[in-house]
Amino acid sequence: MLRSTLLAAARSTGARKLVESTPFTRPVVDRFIAGEDVDAAIRATGALVADGRTVTLDHLGEDTLDAEQADATVAAYGELLSRLDTAGYADRAEVSVKLSAVGRSLAEDGEKIALENARRICSAAEAVGTTVTLDMEDHTTTDSTLDVLRELRVDFPWVGAVLQAYLKRTEQDCRDLAHAGSRVRLCKGAYQEPASVAFQDKADVDLSYVRCLKVLMAGEGYPMVASHDPRMIAIAADLAGTRPLDGYEFQMLYGIRPEEQKRIAAAGNTMRVYLPYGDEWYGYFMRRLAERPANVAFFLRSLVTT
Ligand code: FDA
């Protein structure tokens, strides 16, 4: 109930104005978001790299409804990639992109524009020697994201994508993407989805996650295990079997279970942190609150005590 309310609020302009205008929101937001500008993102990347973690950076933004803003997002990724290169982090940090931030929701030719914009980001990433992973948004966009992935991979075979275990289709998508050279970031899924397409019970989502992990770990691609769930992490390590440590990786979100992130990295695994930055933090922040009632309590406490 709380989760659906928060996820509905994540899409509401009224709720957005309210949350953004509350000055006390900031300390809670700062736990999950590295800062509003590229300088902050580079600083946070440096700190993570310094203790052995790797990074994927997300220039925050989604549901862009005008072409200029989509262009500005592409330019922001260009600047970010060049700054990562200059700072010497391009071999430890890649970028994550939401297609809705680069134009997919535009009324006319949205998907085509998003594909071209994603191509521009991929070219910039290739120029500095790093990679791009496509985030996955709500289920109405899954086919479109996988179509764009296929197109991009013709020129940039290293492009990866996220799959969401809560969707009933995902086990089959994992089979389709378990081929050599493929990079799949498997997560549970963060949007509000109907029962017709998505498992609703946490236990069913977890079972699906394990089935998907089995397919990816048995395949020839590069599995990216994106979860904070200790059970999923232990099962993934077990299923990895004889895969070399550089044959798969673990991933977590910035600000969540940082000590566990360090422990996994110190054990010799690749541990990549998803690091969001920018001023369009609202949707991302609300999905993080929805994942965990304790975060809402933390947020409410800060409203009362600050
Ligand atoms: P689960 O939610 O069951 O949590 C397991 C445990 O982890 C909790 O008991 C708690 O200890 C800890 N935890 C989880 N969330 C927490 C939080 N917000 N705050 C504090 N502790 C928390 N989703 C999506 O739909 N599309 C996408 O593209 C991506 N991309 C993505 C990239 C990466 C690298 C990660 C790690 C996650 C995503 N996600 C995502 C989000 C994902 O779908 C999911 O919502 C969260 O990762 C939470 O699910 P867990 O697997 O962590 O398990």
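An unreviewed UniProt entry lists the protein chain under the name proline dehydrogenase, with Umezawaea endophytica as the source organism. Note on the protein chain: under the UniProt heading Pathway (unreviewed entry), the record states "Amino-acid degradation; L-proline degradation into L-glutamate; L-glutamate from L-proline: step 1/2." As recorded by UniProt, the Catalytic activity (unreviewed entry) comment attached to the protein chain reads in full: "L-proline + a quinone = (S)-1-pyrroline-5-carboxylate + a quinol + H(+)".

Draft legend 1. Fine view of the overall build of the protein chain. The secondary structure content of the protein chain amounts to 13 helices and eight strands. Relative to the globule expectation of 19 Å for 306 residues, the C-alpha radius of gyration of the protein chain, 18 Å, shows essentially globular dimensions. Principal-axis analysis of the C-alpha atoms gives the protein chain an extent of 50 × 45 × 40 Å. The 306 residues of the protein chain split such that 44% are buried. Taking the intrachain contacts of the protein chain between residues at least 6 apart in sequence as the baseline, contacts between residues at least 24 apart amount to 72%.

Draft legend 2. The sheet that holds strand 5 (residues 183-187), seen in detail. Ordered by their spatial adjacency, eight strands build a closed barrel running 1-2-3-4-5-6-7-8, and the pairing between neighbours is parallel. Going across the sheet, the axis of each strand differs from the next one's by a mean of 30 degrees, ignoring polarity. With three bridges joining them, strand 2 (residues 93-97) and strand 3 (residues 132-134) adopt parallel strand pairing. Residue pairing in the sheet places valine 97 in a bridge with leucine 134 of strand 3.

Draft legend 3. Here's a closer look at the UniProt feature "binding site: substrate" (unreviewed entry) in the protein chain. According to UniProt, the positions carrying the feature "binding site: substrate" (unreviewed entry) are Lys98, Arg287 and Arg288. According to the C-beta neighbour criterion, arginine 287 is partly exposed, with 18 such atoms within 10 Å. In this view, arginine 287 contacts Leu7, Ala10 and Ala190; residues no more than four positions away in its chain are not counted. On the secondary structure map, arginine 288 appears in helix 12 (residues 282-291). Judged by local crowding, arginine 288 falls into the buried class, with 25 C-beta atoms found within 10 Å. Every residue in contact with arginine 288, bar those within four places of it in the chain, is listed here: Phe32 and Asn295.

Draft legend 4. Inspection of the packing of helix 5 (residues 67-86) against helix 6 (residues 110-128) at higher detail. One way to put it is that helix 5 packs onto helix 6 with a least axis distance of 9 Å and a crossing angle of 10 degrees. Comparing the axis directions of helix 5 and helix 6 gives the class roughly parallel. Contacts between helix 5 and helix 6 pair Ala67, Ala70, Val74, Tyr77, Gly78, Leu81, Ser82, Leu84 and Asp85 from the former with Ile113, Asn117, Arg120, Ile121, Ala124, Ala125 and Val128 from the latter. In terms of residue class, the contact of helix 5 with helix 6 is made up of eleven nonpolar, three polar and two charged.

Draft legend 5. The site of the ligand, seen in detail. If you check the shell around the ligand, you find 24 residues, and the closest are Asp135, Cys187, Ala190, Ser227 and His228. Put simply, the parts of the chain that give the shell around the ligand at least two residues each are strand 4 (160-164), strand 5, strand 7 (249-253) and helix 12. Considering each element in turn, the shell around the ligand owes the most residues, three residues, to strand 7.

Draft legend 6. Geometry of the packing of helix 9 (residues 202-218) against helix 10 (residues 230-239). Axis separation between helix 9 and helix 10 bottoms out at 10 Å; the angle between their running directions is 25 degrees. One finds that helix 9 runs roughly parallel with respect to helix 10. Judged by the twist between their axes, the crossing of helix 9 over helix 10 is right-handed. Residues Tyr209, Val210, Leu213, Lys214 and Met217 of helix 9 form the contact with helix 10, whose own contacting residues are Met232, Ile235, Ala236 and Leu239. Considering only residue class, the contact of helix 9 with helix 10 consists of eight nonpolar, no polar and one charged.

Draft legend 7. Looking closely at helix 9. For helix 9, built from 17 residues, the straight-helix expectation of 24 Å at 1.5 Å per residue is met to within 8% by its first-to-last C-alpha distance of 24 Å. For helix 9, every residue scored as buried is listed here: Ser208, Tyr209, Cys212, Leu213, Val215, Leu216 and Met217. Here the buried face of helix 9 lies against strand 4, helix 8 (170-176), strand 5, strand 6 (222-226) and helix 10.

Draft legend 8. Focus on the environment of alanine 125. With respect to the secondary-structure elements, alanine 125 resides in helix 6. The exposure class of alanine 125 is buried, given the 25 C-beta atoms found within 10 Å. Between the C-alpha atoms of alanine 125 and glutamate 94, which are 31 residues apart in sequence, the distance is 7.8 Å.

Draft legend 9. Local environment of the pairing of strand 8 (residues 271-277). Counted residue by residue, strand 8 has seven buried out of seven residues, so it is predominantly covered. In strand 8, alternate side chains face the same way, and those of Met271, Val273, Leu275 and Tyr277 on one face and Arg272, Tyr274 and Pro276 on the other are all buried. With six bridges joining them, strand 1 (residues 54-59) and strand 8 adopt parallel strand pairing. Across the sheet, residue threonine 54 finds its bridge partner in strand 8, namely arginine 272. Looking at chain direction, strand 7 and strand 8 are connected through four bridges and run parallel. Bridge pairing links leucine 253 to tyrosine 274 in strand 8.

Parameters and conventions
Along each chain, residues carry numbers from 1 onward, in the same order as the chain's sequence is written. Owing to the predicted nature of the model, reporting of local features is limited to residues with pLDDT of at least 70; listing and counting of side-chain atom pairs is limited to 80 or more, with chain, interface and lining totals taken over all residues. UniProt positions are given in the numbering used here, feature names are shortened, and annotations may be inferred rather than shown by experiment. By definition, any uninterrupted DSSP run of H or I lasting at least four residues is a helix, any uninterrupted run of E lasting at least two residues is a strand, and each is numbered from the N terminus. Our radius of gyration is a C-alpha quantity, and the globule rule it is checked against amounts to 2.2 Å times the number of residues to the power 0.38. In this scheme the burial state of a residue depends on its C-beta neighbours within 10 Å: 20 or more other such atoms mean buried, 12 or fewer mean exposed, and anything in between means partly exposed; the C-beta positions come from the backbone. C-beta atoms are first placed from the backbone for all residues, and any pair lying within 7 Å is then listed as a contact. DSSP bridges decide pairing: two strands pair if at least two such bridges lie between them. Here, axes are lines fitted to C-alpha atoms. For helices the fit covers the stretch in contact, and angles between N-to-C directions go from 0 to 180 degrees. Should an angle fall under 35 degrees it is called roughly parallel, over 145 degrees roughly antiparallel, and 65 to 115 degrees roughly perpendicular, with every other angle called oblique. Asp, Glu, Lys and Arg are counted as charged, while Ala, Val, Leu, Ile, Met, Phe, Trp, Tyr, Cys and Pro are counted as nonpolar; the rest, among them Gly, fall into the polar class. Near, as applied to residues and a molecule or strand, means the residue's backbone-placed C-beta atom lies within 6 Å of it. By convention, the crossing between two helices is left-handed when the near helix turns anticlockwise from the far helix through less than a right angle, and right-handed when the turn is clockwise. One less than the residue count of a helix, multiplied by 1.5 Å, gives the span that helix is expected to have.

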